[in-house]
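Reading the structure
Take a look at the letters that make up each chain.
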Amino acid sequence: MLSLKRRFLLWVAVLSSSALLGLQPGSAQETELQLLRRQLGEMQQHIQALLQRMEEIEKRAGSFPQNVQAMDTGAVPESPPDPATQGGTGPSPQSPDAVRSVSRAFNPAISVNSLFLGGYSSSPTKTGIFTGTDFHNGFNFQEAEFQFTADVDPYWAANIILAIDRDGATELEEGYVTSSELPHDLLPRNTSIKVGKFFAAFGKHNLLHAHQFPFIDQPLISQAVFGAEGLTEPGMDLSYLLPTPWYSELTFQALAGENEGLFRSDEDAKRRGAYLGHWKNFVDLGDETTLEWGQSYIGGRNSGPGHHLSQAVGTDLTLKWRPLLNSREKGISWQTEYMYFTKDLGRDGFSRGGGLVTSLQYQFAQRWWVQGRYDLPGIPKFKDGRKNRVSTLLAFAPSEFSAVRLQYSYTDPDGQSPLSELFLQFNFTIGSHPAHTY
Amino acid sequence: MKWKQTCLWIVLLLPLLNSPLGARTLSVVATTRDLAAIAEAVGGDRVEVRSIAKGSQDPHYVAAKPSYMRLLNRADLLLYNGLQLEVGWLPLLVQGARNPGLVSVDLSQGIDVLEVPRGEITRAEGDIHPEGNPHYWLDPRNGLSMGIRISWQLKALSPMDGPFFDQRLEVFKRGLEAGIQSWEGQLRPLRGREVVTYHKQWEYLAHWAGLSIVGYVEDKPGIPPAPKHVAELIRRMQERKIRTLLVTSFVNPQVPQSVAEKAGATMVRLPSSVGGIEGVETYPSLFETIVSRLVEALK
């Protein structure tokens, strides 16, 4: 039990030094001092002997001196561990400084993601394609995202994501708390709740942050329906895990209904709110393949006189394959999403439309992906949805925390001049290790 | 009349099915096959154990499939390895499980952890585990304390089955202790032998077996090795006459095979988990295979 011995040594040293310091010089204590000196000498001998013994054991244990802990079979606890002491090591002795200093123990986990973009468009005047916002030919700082995560208390966990865009403007991208257990059983079993501002559960792509996008820009149909920022709204989410033999989840969200793409919500007008439903199904087709199918609906009243609704429905299908063996070196993901919307603005008009996007990602080596995507907004046709687009992407990820991606997109002219776009994006993450959503 | 009586009895007895009085198997989910195997051994038929990572899968990189959330949603007990082995996927699964009654047990508690980094750590060193090397199940002596820990948890969840679990634990301990004695005997002649490994994964095994690991193909954990490092390693292996390169069964053998060939060494594939190769279905049989392969390779 060497660790015990080490601890013993430490205490011997601490006790003996404190005993010496505590002594006042004086004749009355001279004999006591001599006694202590003698004892100290003995202790030093004892320490020497212990150190020698430690070295012997270290030699015997091989070339890992730091590994010499109580590793012999005798060290296995014979009695079950005491639950009260399971929380790890006990509190360390407090120094006076520790009392004054501010504790960092409960700081949230922080991770920062940053995106840099080199872009080229064949038509600099029509740069609106890239996530709906402008970019310059040449280098662009695309976005930096700061994520803070921590448990609030035994009931809530909080997640706050701040984004700084290329102009330096800071925006709360998401900020919410989640819970699956509340006091007094306020929350039924198999239910979780989310309150705050979040990406609404419409389809698959809408849930992703810019650095998680499978391609550098958004699908055309997502942009056309929800705008550049996607459907991100303040609101409340209740989701329920159905008691089915496969994973099946029903989500209901009550949202502010302020998305400018889908709703007309004037600043001065009364907020009407919007309601969203999502049904997600997920099945394992063996150990290596999975299939996900989702259905989404959102509807809300537009501001202004009358009872005019904006609505959208969507369906998504994802097939993924990843081998068990060499699972970091190969993988395929095929995702298809369809959306349809109607927007009734009363006397100001009525519009409707829909579109499809399908993409294939293939990982052919640990660090390499090749991807293709086809955008087909315009089933049925609508004003902004007449252009088809084909994109290819090559991704190189030196590690889990960095990636360089090269994308080329060609947009169908539809009566105008064709548009070619070339992107080179640098993506890196620092800080706490984020878990990866499937 | 008889029919009605039967119905009455069924209605009266039905609630018992769900009550603690009725025989109920505990549903246990383990993140790895090793934890599952130990839980199966100490739990017997009073528990139903499922594992998330397959033995042939790298437990660092498991996809957080929603189907695992469903598994955790119905579980009574979650056994996990800890030391951030599952950090990339388990938090999402537990969050998605919506099971406040789930008891989670970190089995690394009470283990003497090796290679706890001292001082500043950075990702420039690769996928470092800030709490220390997580592959502690590869020392069978740790298996004993893991068994005790799991048995204690099972007893806490199902006190009625206490004597049963005690007896199972005793059998598990005796079997494993006998195994350890015999394996240590077989490994004794190999003490002090120098080996090279692929991933920083065999520290606990080497520590127990008295092997000395003098180099890694993957010099930074989780990062594919640079050619310069590989060349240097080969040179060092030739210089020190190291004849053995240990590789886990799920690693792509291409790179380590070529290193071994160039250095004039043999690549030895060892299962690093129960289920890692065919025929290894229990925790003791994992060491049975590892020890016999080590002895075979190093004799």
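Just so we're clear, the structure is a prediction, and the values are computed from it rather than from any experiment.

Reading the values: the criteria
Residues numbered from 1 in each chain as written. Chains lettered and ligands numbered in written order. Predicted model: local features only at pLDDT ≥ 70, side-chain atom pairs only at ≥ 80, totals over all residues. Core = buried A, V, L, I, M, F, W, Y, C linked by C-beta atoms within 7 Å. Buried ≥ 20, exposed ≤ 12 C-beta atoms within 10 Å, placed from the backbone. Contact = placed C-beta atoms within 7 Å. Pairing = 2+ DSSP bridges. Helix = DSSP H or I, 4+ residues; strand = E, 2+ residues; numbered from the N terminus. Axes fitted to C-alpha atoms, helices over the stretch in contact; angles between N-to-C directions. Domains from an automatic or database assignment. Nonpolar A, V, L, I, M, F, W, Y, C, P; charged D, E, K, R; others polar.

Moving on: the nonpolar core. Ranked by internal contacts, the top residues of the largest apolar core, which has 91 residues, are A39 and L79 of chain B. Discounting chain neighbours no more than four positions away, the residues touching A39 of chain B are V28, A30, V47, V49, L79 and I150 of chain B. In this structure, Y176, A200, F263 and V357 of chain A belong to the second largest nonpolar core, which totals 21 residues.

Residue and element names in this part refer to chain B. Spatial strand order, β2-β1-β3-β4: four strands in an open sheet with parallel pairing. For this open sheet the edge positions go to β2 (47-51) and β4 (103-106), each flanked by a neighbour on one side alone. Strand-to-strand twist of the sheet, defined as the mean angle between neighbouring strand axes without regard to direction, takes the value 20°. Pairing between strand β3 (residues 77-80) and β4: four bridges, direction parallel.

Turning next to the domain arrangement of chain B. Residues and elements named next belong to chain B. In terms of domains, chain B is made up of domain 1 (24-109 + 126-182) and domain 2 (188-298). When each unit is reduced to the centre of its C-alpha atoms, the spacing between domain 1 and domain 2 is 26 Å. Counting residues at the interface gives 27 residues for domain 1, matched by 24 residues for domain 2. Elements supplying a minimum of two residues to the side of domain 1 that touches domain 2: α2 (33-43), α5 (140-157) and α6 (162-187). Ranked by residue count, the leading element in the side of domain 1 that touches domain 2 is α2, at five residues. The class makeup of the residues in the side of domain 1 that touches domain 2 is eight nonpolar, twelve polar and seven charged.

This part is about the sheet that holds strand β8 (residues 266-270) of chain B. All names here are of chain B. Spatially, β6-β5-β7-β8 is the arrangement adopted by the four strands of the open sheet, whose pairing is parallel. At either end of the open sheet lies a strand with only one pairing partner, and these are β6 (212-216) and β8. Strand-to-strand twist in this sheet, taken as the mean axis angle between neighbours without regard to direction, amounts to 35°. Looking at chain direction, strand β5 (residues 194-197) and strand β7 (residues 244-248) are connected through two bridges and run parallel. When the sheet's bridge partners are listed, T197 is paired in β7 with L246.

Below, the discussion takes up the interface of chain B and chain A. It is common to give the size of an interface as the accessible area lost on bringing the parts into contact. The partner chain A presents 39 residues to the 39 residues of chain B that form the contact. Of all the secondary structure elements, the ones that give two or more residues to the side of chain B that touches chain A are α3 (66-73), α4 (90-97) and α5 of chain B. Element by element, the count of residues in the side of chain B that touches chain A is highest for α5 of chain B, at six residues.

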